[in-house]
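Below, each chain spelled out in residue letters.
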Amino acid sequence: MPYAVSQGGWIGLCSLLIFASVFCYTGFLLRRCLDLSPYLAGYPDVGQAAFGRLGRVLVSAFLYCELYAVAVEFLIMEGDNLTQLFPLRSLSLGIFELSSEKQFVIFSAAVMLPTVWLRDLSILSYISAGGVIACVAVIVAVACAGTFEVGFPNHGRLVNFHGLPIAVGIYGFCFCGHAVFPNIYASMKDKSRFSHVLVACFLICALIYGSIAVLGFLMFGDDSESQVTLNLTRGRLTTNIAIAATLVNPFSKYALTVTPLAAAFEELLPIELKSRTFLMWGTLIRTLIVLSTVIIALVLPFFGYLMALVGAFLSITVAITIPCLCYAKLFSDRIPLWERAFISLVLAVGLGACVAGTYSSLREIALNLST
């Protein structure tokens, strides 16, 4: 988040608030679509109800690509932060040079691979439940580092138009939860309170993101790294606490992120393989998915730019474009003129952010690959 402010300036934080409001609104639209029929249980079901088989395929493709990209980000995050704790010497393997970050990417994938093989992920729920505590721990650790060690000397620019699209992509990534909204809605005892839950969650998330953005940028300014933990002084207690808290989430959620994608591939197995050697083929599929995420993490170790790309192209599409289009199609004869105009405005803003953020992040990735 501090890195996003360094890219877009303080005015970019307006995008954070705008996205929080718009994503929350499209969450309401998604809920209305789900209420149309008891047979609409998941996001792909809504896509199929609105646009047929093609809608289901496109929605599923965007959801799985987003999950896959998040899994890659988890590996990059683990590699960067473990290097901050235990820096290693570069390892030369012929024409390949493995930096400390890349060695830890491979190590992290090897450690998390057995969790991907699990069929019952409930064992990870206890670790995953600590995610909220981990987020609070990071904020407290960074605040303590700023108060007692670094200070808050930086003020920064109001706006940086060159880096603003990157910042918009990162802010878009922050609220990419629409893929699980239907599941949460279906599991609620009192579904009438879903709207209140949605508003509360977006307010809390915006507060957490905004807090760490302001704290981190006041501390490190334009020198902010793509992850605030990489700016903290090595060896300090606050640094170790922040990094340890950061490392917990990827370890527990990598398997949760990869499993839906693996399950989709397993569904494509022929019936005879499913009945005889399903476990073996399923394990192979999951291993290959993990291996592919490792390769991409090694080739594209650009945490901030990759997050901006995912946020701009995938998250905005999943959270703005698709809900608006599905709602407009399913309720075409019941939408008042003012709401139709507002949805058109939301779609235009989403499309502009998607195009600008995708182009800028791809350009920066290409530039970094060529250097």
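Residues numbered from 1 in each chain as written. Predicted model: local features only at pLDDT ≥ 70, side-chain atom pairs only at ≥ 80, totals over all residues. Heavy atoms only, no water.

By the naming in an unreviewed UniProt entry, the protein goes by Amino acid transporter transmembrane domain-containing protein and is assigned to Ceratopteris richardii. UniProt, in its Subcellular location (unreviewed entry) section for the protein, records the words "Membrane". (UniProt positions renumbered as here; feature names shortened; annotations may be inferred.)

A. Main features of the overall build of the protein. Scanning the protein for helices and strands turns up 14 helices and 2 strands. Relative to the 2.2 N^0.38 estimate, which gives 21 Å for 371 residues, the radius of gyration of the protein is 21 Å and therefore close to what a compact globule would have. With respect to the three principal axes, the spread of C-alpha positions in the protein is 60 × 55 × 40 Å. Going through the 371 residues of the protein one by one, you find that 49% of them count as buried. Taking all contacts inside the protein whose residues are at least 6 apart in sequence as the whole, residues at least 24 apart take part in 80%. Considering the protein, the positive charge centre built from 21 side chains and the negative charge centre built from 20 side chains are found 7 Å apart. (Helix = DSSP H or I, 4+ residues; strand = E, 2+ residues; numbered from the N terminus. Rg over C-alpha atoms; globule rule 2.2 N^0.38 Å. Buried < 20%, exposed > 50% of the residue type's maximum accessible area, 1.4 Å probe, protein only. Contact = heavy atoms within 4.5 Å. Lys, Arg positive; Asp, Glu negative; His and termini not counted. Charge placed at Lys NZ, Arg CZ, Asp CG, Glu CD.)

B. Seen up close, the packing of helix α6 (residues 131–150) against helix α10 (residues 237–266). Direction vectors running N to C along α6 and α10 enclose 160 degrees, while the axes themselves pass 8 Å from each other. As summarised for this structure, α6 and α10 are arranged roughly antiparallel, according to the angle between their axes. Handedness of the crossing formed by α6 with α10: left-handed. Residue-level contacts link G131, A134, C135, A137, V138, A141, C144, A145 and E149 of α6 to T238, I241, A242, A245, T246 and N249 of α10. Counted by class, the contact of α6 with α10 contains 10 nonpolar, 4 polar and 1 charged residues. (Axes fitted to C-alpha atoms, helices over the stretch in contact; angles between N-to-C directions. Parallel < 35°, antiparallel > 145°, perpendicular 65-115°, else oblique. Left-handed = near helix turned anticlockwise from the far one by under 90°. Nonpolar A, V, L, I, M, F, W, Y, C, P; charged D, E, K, R; others polar.)

C. Broad picture of the packing of helix α3 (residues 43–85) against α10. Two elements in contact, α3 and α10, have axes whose closest approach is 8 Å; the angle formed by their N-to-C orientations is 155 degrees. Between α3 and α10, the crossing angle belongs to the class labelled roughly antiparallel. Both α3 and α10 take part in a crossing whose hand is left-handed. Its residues assigned to classes, the contact of α3 with α10 comprises 18 nonpolar, 5 polar and 2 charged.

D. View of the nonpolar core. Ranked by size, the top nonpolar core spans 102 residues in total, and within it F19, F23, L75, Y171, F175 and Y254 carry the most contacts. With 17 residues, the single largest contributor to this core is helix α13 (residues 303–330). Once residues lying within four places of it in the same chain are set aside, the contact partners of Y254 are A71, F74, L75, M112, V116, N249, V290 and T293. (Core = buried A, V, L, I, M, F, W, Y, C linked by side-chain atoms within 4.5 Å.)

E. The arrangement of the pattern of salt bridges in detail. Overall, the coordinates contain 8 salt bridges when judged by the stated rule. With its nearest N and O atoms 3.6 Å apart, the salt bridge here joins R363 to E364. (Salt bridge = Lys/Arg side-chain N within 4 Å of Asp/Glu carboxyl O.)

F. How the structure looks around the packing of aromatic side chains. The full count for this structure, using the stated rule, is 13 aromatic pairs. With centroids separated by 6.3 Å and ring planes inclined at 80 degrees, the aromatic side chains of F181 and F202 adopt a geometry described as edge-to-face. Of this pair, F181 sits in helix α8 (residues 181–187) while F202 sits in helix α9 (residues 194–220), placing them 21 residues apart in sequence. With respect to burial, F181 and F202 carry one shared label: buried. A connected cluster of aromatic rings, assembled from ring pairs, spans F19, F23, F175, F181, Y185, F194, F202 and Y209. (Phe/Tyr/Trp six-rings, centres within 6.5 Å; stacked < 30°, edge-to-face > 60°.)

G. View of a nonpolar patch on the surface. Taken together, the side chains of M280, W281, L284, L288, L291, I295, V299 and L369 make up a nonpolar region of the molecular surface, amounting to roughly 740 Å² of accessible area. Among the secondary structure elements, L284 is positioned in helix α12 (residues 278–299). Among the residues examined, L284 registers a relative accessible area of 39% and is labelled partly exposed. (Patch = residues over 30% accessible without salt bridge, like charges linked within 9 Å, V, L, I, M, F, W, Y side chains within 5 Å. Areas by Shrake-Rupley, 256 points an atom, 1.4 Å probe, with all protein chains shown as cover.)

H. A look at the environment of A109. Among the structural elements, A109 can be located in helix α4 (residues 100–117). Sequence separation between A109 and L75 is 34 residues; the distance between their C-alpha atoms is 6.9 Å. Beyond its immediate chain neighbours, meaning those up to four positions away, A109 contacts L75, V290 and V294.

I. Just α6, in detail. Looking only at α6, the buried set comprises G131, A134, V138, I139, A141, V142, A145 and G146. The arc enclosing the buried residues of α6, seen along the axis, measures out at 160 degrees, which places them on a common side. Facing away from the buried side of α6 by more than 90 degrees, the exposed set consists of V132, I133, T147 and F148. Following α6 by one or two positions, G151 has its phi on the positive side, about 85 degrees. (Arc of directions from axis to C-beta.)

J. Quick peek at the environment of A206. Note on placement: A206 falls in helix α9. Classification of A206 as buried rests on a relative accessible area of 15%. Separated by 32 residues in the primary sequence, A206 and C174 place their C-alpha atoms 8.7 Å from one another. Excluding residues that lie within four positions of it along the chain, A206 makes contacts with L16, A20 and F175.

K. The side chain of E66, seen in detail. Along the chain, the position of E66 falls in helix α3. One buried charged side chain, E66, makes no salt bridge at all; its nearest oppositely charged neighbour is K253, positioned 14 Å away. Here E66 is in contact with C176, V310, L314, S315 and V318, once residues within four sequence places are set aside.

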